[in-house]
Amino acid sequence: MSIQTVGVVGAGTMGSGIAQACAVKGIRVILIDISQAAVDKGLAGISKSLDRLLTKEKITAAQKDAALACIQTSTDYAALKPAQLVIEAATENHEIKNKILAQLDALLAPETLLATNTSSISITQLAAATSRPDRFVGMHFFNPVPMMALVEIIRGLQTSDATHAAVTELATALGKTPITVRNSSGFVVNRILLPMINEAFFVLSEGVASAEDIDAGMKLGCNHPIGPLALADMIGLDVCLAIMEVLHQQFGDGKYRPSPLLREYVAAGRLGRKTGQGVYSYAK
C-alpha cells in the first residue's frame, strides 16, 4: 500500500513537524486542529521552520513553496476522508486520544489506516477505542521531527503485517530510519531516556550539582549532545512527567517514581522552552 495522502490530527509541535516532514517529500497532508487559531499557528511554525532551512541553503524557495502547497488545513474531521493514513498527534493523555480515535474511526473509510504518535501509551489499549485494531499502529516521531531521523514503529497486539509494512515504507520515504518495537510502556527510547532525565531532577533536587554542571557532566562525560535537563526543557516538562507517570503506573516499580521537583516545576507552569521557563530561562 503506497500512502500518498496523510491526515494529521493536532497542529502542535509534533503534528506540525510530522506535516512538514511529509510535505517536503511531496506527500499531501491534511492538518487538523480544534480551532482555526491553532491551525494557523501550526502552519506559521512550519513556514518559519522551512525559512530556517532556506537560510541554511538546505532547500530552495521553490521547494519551500511546493511543501506549503502540499498542506491543506481544516478544523473539520470530515476533511480527512481522502487520507490513506491518519496520524493522531494530540497531547499525551489517554482519554483525549481515545476520544479522538473513536471519532476518527466512525468517520474514516474501513480501509484507512490509523496511527498514534504517543510516546508511552499502550498501542493495544488505544487500538481498542477503534473497530480496526489490525489497521492501527504506533508511529513515534521525535522532536524536532524535521531533523530527527528515528521513528519507532510500534505494533499493537492485533496490528497486521500489511499495516506495519505500509507505515514502515512511509517512514522510509520521509527519509527516516524506522525501528520496529513491541508494544510496551515507553517503548525503547523513552523507556531508557526518561528515567535518566527523571534521575537528573533527583540529583538537582538533592543539591548534588547545579543544573549547568549536571548537563555539562553528561555532555562531556557521556558524549551526549545535550544535557538531560536541557533536553527535558526541549521535550516539555509536562510531557516528561506524563511519560514517567505512565511508566510508574504500568510497571508498578518505584524506580519510575516521578521526581517531586519535576512535579513541582510542572505545577508552577514551568514547562520548558514552550513557556519560556523550565529548568532554564528562555526569556528573550
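Residues numbered from 1 in each chain as written. Predicted model: local features only at pLDDT ≥ 70, side-chain atom pairs only at ≥ 80, totals over all residues. Heavy atoms only, no water.

The protein goes by 3-hydroxybutyryl-CoA dehydrogenase in an unreviewed UniProt entry, where it is assigned to Ottowia cancrivicina. Entered under Sequence similarities (unreviewed entry) in the UniProt record, the comment concerning the protein runs "Belongs to the 3-hydroxyacyl-CoA dehydrogenase family." (UniProt positions renumbered as here; feature names shortened; annotations may be inferred.)

In this section: the overall build of the protein. Summing up its helical and strand segments, the protein has eleven helices and eight strands in all. Computed over its C-alpha atoms, the radius of gyration of the protein comes to 19 Å, within 12% of the 19 Å expected for a compact globule of 284 residues. Dimensions of the protein, computed from the C-alpha atoms along their principal axes, are close to 55 × 45 × 35 Å. A separation threshold of at least 6 residues defines the contact pool for the protein, and within that pool the share at least 24 residues apart is 66%. Accessible area of the protein: about 13,100 Å², with a carbon and sulfur share of 54%. (Helix = DSSP H or I, 4+ residues; strand = E, 2+ residues; numbered from the N terminus. Rg over C-alpha atoms; globule rule 2.2 N^0.38 Å. Contact = heavy atoms within 4.5 Å. Areas by Shrake-Rupley, 256 points an atom, 1.4 Å probe, with all protein chains shown as cover.)

Another aspect to go through is the packing of aromatic side chains. Applying the stated criterion to the full structure yields two aromatic pairs. The interplanar angle of 90 degrees and the centroid separation of 6.1 Å between the aromatic rings of Phe201 and Tyr265 together place this pair among those described as edge-to-face. Highlighted residues: Phe201 in helix 7 (residues 189-205) and Tyr265 in helix 11 (residues 260-267), separated in sequence by 64 residues. For Phe201, a relative accessible area of 0% translates into the label buried. (Phe/Tyr/Trp six-rings, centres within 6.5 Å; stacked < 30°, edge-to-face > 60°. Buried < 20%, exposed > 50% of the residue type's maximum accessible area, 1.4 Å probe, protein only.)

Moving on to helix 2 (residues 36-55). Compared with an ideal rise of 1.5 Å per residue, which puts 20 residues at 28 Å, helix 2 spans 28 Å between its outermost C-alpha atoms and is within 8% of the ideal. Its buried side turned inward, helix 2 meets helix 1 (13-23), strand 2 (28-32), helix 3 (61-69) and strand 3 (71-74). Directly beyond the C-terminal end of helix 2, a positive phi value near 60 degrees is found at Glu57. (Expected span 1.5 Å × (residues − 1).)

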